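# Reading the structure
Now for the letters of each chain:
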Amino acid sequence: MDGPKQLDEETLQYLYAWIDKIPLSRTKRNISRDFSDGVMAAEVVKYFFPKLVELHNYTPAHSTQQKLSNWSTLNRKVFSKLNFQIPEDLLKKIVDSTAGYIEPVLCSLKEKIEEKRAAKQLDSTQDLEYYSTTNGQLRPGCQDFPQPSPLHGLVLTYTHTHTHTRTNTYGQFGMIKKFKKVKKSLRNCTCFILLIF
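Residues numbered from 1 in each chain as written. Predicted model: local features only at pLDDT ≥ 70, side-chain atom pairs only at ≥ 80, totals over all residues. Heavy atoms only, no water.

Summary statistics for the protein chain give a mean pLDDT of 74 and a share of 60% for residues scoring 70 or more. Taken element by element, the protein chain is modelled with least confidence in strand 4 (residues 165–170), mean pLDDT 37, and with most confidence in helix 3 (residues 39–48), mean pLDDT 97. In the model, residues 130–197 has pLDDT below 50 throughout and makes 95 contacts with residues more than four positions away in sequence or in other chains. (pLDDT = per-residue confidence, 0-100. Helix = DSSP H or I, 4+ residues; strand = E, 2+ residues; numbered from the N terminus. Contact = heavy atoms within 4.5 Å.)

Structure follows, in structure tokens:
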């Protein structure tokens, strides 16, 4: 196998600063040794996606076998959901604390985390837009739902803590059940509900 992928100094400093912002269970001393057993990598993912990682599956370890087991579990249960995998030959270098191998892996992991977070934000925004209507007409993609009566509708007005007020109109009763889905993304908002007759 060739040597590790080389990262420029600016990328490395940015990566180290990113890691430093994440509260980890151990003091950061030597990044190659700190991440060799996979536990801190699991903690990094858990910080951003708490439901994705069960930390009890990852045992702090000094033995090569347990370190490989931790990384294998991460690959199988966690990284696969981020569309990310670490090849076995690279894992052996990481487990052996070989300098220069963990940084490119963490850099790639950081990119995958950012991609998934951006996709989740986009999904929650689309949930709001998908079910809203304009002038009594459903937006594209909503044709399967009954058209709202011109005299009936559920108007939902919410005010974000630091943004402007928005209004979404939900079609009659067939669309009200979709309100639950939107409600989750409005936890930090002030809500006013008005039934128009």
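Now that the structure is up, let's keep going.
Of all hydrophobic cores here, the largest spans 35 residues; its most connected members are Phe35, Val45, Trp71 and Phe79. Elements that contribute at least two residues to this core include exactly helix 1 (9–20), helix 3, helix 4 (64–78), helix 5 (88–95) and helix 6 (102–131). Here the element with the most residues in this core is helix 3; it accounts for seven residues. (Core = buried A, V, L, I, M, F, W, Y, C linked by side-chain atoms within 4.5 Å. Buried < 20%, exposed > 50% of the residue type's maximum accessible area, 1.4 Å probe, protein only.)

For Ser36, the position within the fold is in the loop between helix 2 (31–34) and helix 3. Since its relative accessible area comes to 3%, Ser36 is described here as buried. Among the polar contacts listed, one links the side chain of Ser36 to the side chain of Lys67, at a separation of 3.2 Å. When near neighbours in sequence (up to four residues on either side) are disregarded, Ser36 contacts Lys67, Trp71, Ile94, Val95 and Ser97. (Polar contact = N/O pair within 3.5 Å; in protein donor to acceptor, adjacent residues only side chain to side chain.)

So, about the side chain of Asp34. Structurally, Asp34 can be placed in helix 2. This buried residue, Asp34, is left without a salt bridge; Arg26 holds the nearest opposite charge, at 6.0 Å. Looking at Asp34, its side chain comes within polar contact range of the main-chain nitrogen of Arg29, at 2.8 Å. When near neighbours in sequence (up to four residues on either side) are disregarded, Asp34 contacts Arg26, Thr27, Lys28, Arg29 and Met40. (Lys, Arg positive; Asp, Glu negative; His and termini not counted. Salt bridge = Lys/Arg side-chain N within 4 Å of Asp/Glu carboxyl O.)

A few words on the environment of Glu54. Within the element layout of this structure, Glu54 appears in the loop between helix 3 and helix 4. The exposure class assigned to Glu54 is partly exposed, which follows from its relative accessible area of 46%. Each C-alpha atom, one on Glu54 and one on Lys77, is 9.6 Å from the other, the two residues being 23 residues apart in sequence.

This part is about the packing of aromatic side chains. The full count for this structure, using the stated rule, is four aromatic pairs. Taking the centre distance of 5.6 Å and the plane angle of 5° together, the rings of Trp18 and Phe48 count as stacked. Of the two residues, Trp18 sits in helix 1 while Phe48 sits in helix 3, which places them 30 residues apart along the sequence. By relative accessible area, Trp18 is classed as buried at 11%. With a centroid separation of 4.9 Å and an interplanar angle of 85°, the aromatic rings of Tyr47 and Phe48 are classed as edge-to-face. Residue Tyr47 is classed as partly exposed on the basis of its relative accessible area, which comes to 44%. (Phe/Tyr/Trp six-rings, centres within 6.5 Å; stacked < 30°, edge-to-face > 60°.)

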